[in-house]
Amino acid sequence: MRLLHGSNVEIVYPDLKMCQSMNDFGRGFYLTPQWQRAYLMAKRRHSEPL
């Protein structure tokens, strides 16, 4: 099974210190098997102002 993260970069080793604490389920590294969902999250995440 291939799992995807909503990002535009490859993440080899997730660093939980870089994760936001106010996510739906708390601090964590979220993955999905659905490429459409990962694509939309990456697109949304990287279009938000910093």
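Preceding this section is the structure that the text describes.
What comes next concerns the included structure. As the structure is a prediction and not an experimental result, all values here were calculated from the model.

Considering the overall build of the protein chain
Here is step 1 of the chain: Broken down by element type, the protein chain carries 1 helix and 0 strands.
Here is step 2 of the chain: Excluding contacts between residues fewer than 6 apart, the proportion of contacts in the protein chain whose partners are at least 24 apart in sequence is 60%.
Here is step 3 of the chain: Just so you have it, the protein chain exposes about 4,900 Å², and 56% of that area is on carbon and sulfur atoms.

Observations regarding the environment of Ser21
Here is step 1 of the chain: Here Ser21 shows up in the segment before helix H1 (35–45).
Here is step 2 of the chain: Relative accessible area serves as the criterion here: at 40%, Ser21 is assigned to the partly exposed category.
Here is step 3 of the chain: Apart from the residues lying within four places of it in its own chain, the contact partners of Ser21 are Gly26 and Arg27.

Looking at the environment of Lys43
Here is step 1 of the chain: Within the secondary structure layout, Lys43 lies in helix H1.
Here is step 2 of the chain: On the basis of relative accessible area, Lys43 is assigned to the exposed category, the value being 51%.
Here is step 3 of the chain: Sequence separation of Lys43 and Asn8 is 35 residues, and the distance between their C-alpha atoms is 8.2 Å.

Comments concerning a nonpolar patch on the surface
Here is step 1 of the chain: Taken together, the side chains of Met1, Leu3 and Leu31 define a hydrophobic patch exposed on the protein surface, amounting to about 380 Å² of accessible area.
Here is step 2 of the chain: Mapping Met1 onto the fold places it in the segment before H1.

Re the side chain of Thr32
Here is step 1 of the chain: Looking at the element boundaries, Thr32 is found in the segment before H1.
Here is step 2 of the chain: In this structure the side chain of Thr32 is engaged in a polar contact, spanning 3.1 Å, whose partner is the backbone nitrogen of Gln34.

Calculation rules
- Residues numbered from 1 in each chain as written.
- Predicted model: local features only at pLDDT ≥ 70, side-chain atom pairs only at ≥ 80, totals over all residues.
- Heavy atoms only, no water.
- Helix = DSSP H or I, 4+ residues; strand = E, 2+ residues; numbered from the N terminus.
- Contact = heavy atoms within 4.5 Å.
- Areas by Shrake-Rupley, 256 points an atom, 1.4 Å probe, with all protein chains shown as cover.
- Buried < 20%, exposed > 50% of the residue type's maximum accessible area, 1.4 Å probe, protein only.
- Patch = residues over 30% accessible without salt bridge, like charges linked within 9 Å, V, L, I, M, F, W, Y side chains within 5 Å.
- Salt bridge = Lys/Arg side-chain N within 4 Å of Asp/Glu carboxyl O.
- Polar contact = N/O pair within 3.5 Å; in protein donor to acceptor, adjacent residues only side chain to side chain.

Remember, this is a structural readout, not a statement about activity or role.
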